[in-house]
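# Reading the structure
What follows is the residue order along each chain.
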Amino acid sequence: MPFGPASILGVESFSQECEAPRELVPGDDDQSKEEIVRAVYRQVLGNAYVMESERQVVAESQFKLGEISVRELVRRIAKSDLYSTRFFDSCARYRYIELAFRHLLGRAPADFEEMRGHAERLDTSGYEADIDSFLNSDEYQNTFGEWTVPYQRGWKTESCTTLQEFTWSFQLLRGNSSSSLKGNLAGIRSRLGGAAYQNRPLPVVAPSSQDSQGWSFRPAANLTDPVTRIGVLAGETGKVYRVEVTGYRANNVRPTSRYRKSNRVYFVPFNKLSEQYQLIHREGGKIASITPLS
């Protein structure tokens, strides 16, 4: 296993996909097309197992014959009964929305307003229109285009606009040994829970942490629970976070890192987290963990 921020956080397989995404190129043979089909199933269905009888044979044939693009294959699978019965009909609404962001855009929702927009679209236009809103978006086109299989990218700091979105990504990701359906005690419940309604970041803890819950899922605290304040700089939520940063390196803006050591630890109040996140990213650092102090 490679050493670095991706392996520390347990997302090294997603790192490889980001560096070398699967793309259909002119002249690809049938074997390459079959590999792309399987990659689409793996991404859109969140690594869930697909039986041969469940495969979308017509859509696959159209893709292999060159009648539809990779994006249209993604659309057909996302609109199929195979997807809707697993992730829409059987899940709570906001759990489905979380998964749609992960499966179709490769990231977590940016904030609750973005999630609520999809909830309102479901009410007014229905399930298929909501799927179209992901695949017809400028973000999808600019990131994946017509011929690239979507991949997980939300764990990379340069793919996120805020610390909140970065930390939410780790609530929706686990290693390749599990799927969106299995491998998590949360079941079909929302992974973001109360954090989504409150628009607040969540802890990011490496899988090797002694914390038994790890970074994969933290049950959301009741919104009526009293807030514990720590110090005068704790901010509105009363939390101070320990941010561990690794792999400081030179980037395109600053030719030489201003840090002599590759690892640093910051203690940051809640209301300063986003500011610190942006500073770390500008300096070329990689966040290894974010944990609240209690």
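A few points on the structure. (Residues numbered from 1 in each chain as written. Predicted model: local features only at pLDDT ≥ 70, side-chain atom pairs only at ≥ 80, totals over all residues. Heavy atoms only, no water.)

## Re the overall build of the chain
Within the chain one finds 13 helices and three strands. Taking all 294 residues of the chain together, 51% fall into the buried category. Once local pairs closer than 6 in sequence are excluded, the contacts in the chain between residues at least 24 apart make up 70%. For the chain, the exposed surface amounts to about 14,700 Å²; the carbon and sulfur share of it is 49%. (Helix = DSSP H or I, 4+ residues; strand = E, 2+ residues; numbered from the N terminus. Buried < 20%, exposed > 50% of the residue type's maximum accessible area, 1.4 Å probe, protein only. Contact = heavy atoms within 4.5 Å. Areas by Shrake-Rupley, 256 points an atom, 1.4 Å probe, with all protein chains shown as cover.)

## Examining the packing of aromatic side chains
Evaluated as defined, the whole model comprises eight aromatic pairs. Between tyrosine 140 and phenylalanine 144 the ring centres are 5.2 Å apart and the planes differ by 65°, which places this aromatic pair in the edge-to-face class. Across this residue pair, the class does not change: tyrosine 140 and phenylalanine 144 are buried. Each residue in the set Phe88, Tyr96 and Tyr127 is aromatic and connected to the rest through ring pairs, giving one cluster. (Phe/Tyr/Trp six-rings, centres within 6.5 Å; stacked < 30°, edge-to-face > 60°.)

## A word on the nonpolar core
Core analysis: the biggest nonpolar cluster contains 48 residues, and Val40 and Tyr83 have the highest contact counts within it. With eight residues, the single largest contributor to this core is helix H7 (residues 93-105). When near neighbours in sequence (up to four residues on either side) are disregarded, tyrosine 83 contacts Val44, Leu45, Ile77, Ala78, Phe88, Tyr96, Leu99, Ala100, His103 and Tyr127. Core analysis: the second largest hydrophobic core is formed by 16 residues, Phe170, Val268, Phe270 and Ile290 among them. (Core = buried A, V, L, I, M, F, W, Y, C linked by side-chain atoms within 4.5 Å.)

## A few points about unusual backbone geometry
The phi dihedral of asparagine 47 falls on the positive side, at around 70°, and the residue is not glycine. Residue asparagine 47 is classed as partly exposed on the basis of its relative accessible area, which comes to 24%. Despite not being glycine, asparagine 199 shows a phi value in the positive range, around 50°. Summarising the element assignment, asparagine 199 is placed in the loop between helix H12 (194-198) and strand E1 (240-246).

## So, empty space enclosed by the protein
Summed over the entire model, instances satisfying the criterion amount to two cavities of 30 Å³ or more. Roughly 40 Å³ of volume is contained in the second largest cavity. The wall of the second largest cavity is formed by eleven residues, among which Gly106, Arg107, Gln152, Ser169 and Leu173 lie closest to the centre. Residue composition of the lining of the second largest cavity, grouped by class: four nonpolar, four polar and three charged. (1 Å grid on protein atoms, 1.4 Å probe; cavity = no way out; pocket = protein on both sides within 12 Å on 5 of 7 lines; lining within 4 Å. Points joined across faces, edges and corners; volume = space filled by probe spheres on them. Nonpolar A, V, L, I, M, F, W, Y, C, P; charged D, E, K, R; others polar.)

## Section: the environment of proline 109
Along the chain, proline 109 falls in the loop between H7 and helix H8 (112-124). With 87 residues separating them in the primary sequence, proline 109 and alanine 196 have C-alpha atoms 9.0 Å apart.

## So, the packing of H7 against helix H9 (residues 127-135)
Helix-helix packing is described using two parameters, namely the angle between the two axes and the distance between the axes. Contact geometry of H7 with H9 gives a least axis separation of 10 Å together with a crossing angle of 40°. Comparing their axes, H9 and H7 come out oblique. As H7 packs across H9, the resulting crossing turns out to be right-handed. Here H7 contributes Tyr96, Ala100, Phe101, Leu104 and Leu105 to the contact with H9, which in turn contributes Tyr127, Asp130, Ile131 and Phe134. Considering only residue class, the contact of H7 with H9 consists of eight nonpolar, no polar and one charged. (Axes fitted to C-alpha atoms, helices over the stretch in contact; angles between N-to-C directions. Parallel < 35°, antiparallel > 145°, perpendicular 65-115°, else oblique. Left-handed = near helix turned anticlockwise from the far one by under 90°.)

## Side note on the sheet that holds E1
A sheet is described by the order of its strands in space; here three strands give the open sequence E2-E1-E3, paired in antiparallel fashion. In this open sheet, the two strands that pair with only one neighbour each are strand E2 (264-269) and strand E3 (286-292). Averaged over all pairs of adjacent strands, the angle between their axes in this sheet comes to 25°, without regard to strand direction. Judged from the six bridges that link them, E1 and E3 form a sheet pairing that is antiparallel. Looking across to E3, one finds that valine 245 is bridged to isoleucine 287. (Pairing = 2+ DSSP bridges.)

## Looking at H8
The first and last C-alpha atoms of H8 sit 18 Å apart over 13 residues, in line with the 18 Å expected at 1.5 Å per residue. Within the span of H8, buried status applies to Phe112, Met115, His118, Ala119 and Leu122. In a view along the axis of H8, the buried residues occupy a sector of 125°, so they form one face of it. Looking at the buried positions of H8, the neighbouring elements they touch are helix H6 (81-88), H7, H9, helix H11 (163-172) and H12. Just downstream of H8 lies glycine 126, where phi reads positive at about 100°. (Expected span 1.5 Å × (residues − 1). Arc of directions from axis to C-beta.)

## What to know about the packing of helix H4 (residues 57-64) against helix H5 (residues 70-79)
Relative to each other, H4 and H5 sit at 180°, their axes nearing to 10 Å. Judged by the inter-axis angle, H4 sits roughly antiparallel to H5. Two secondary-structure elements touch here, H4 through Ala59, Glu60, Gln62 and Phe63 and H5 through Val70, Leu73 and Arg76. Its residues placed into classes, the contact of H4 with H5 shows four nonpolar, one polar and two charged.

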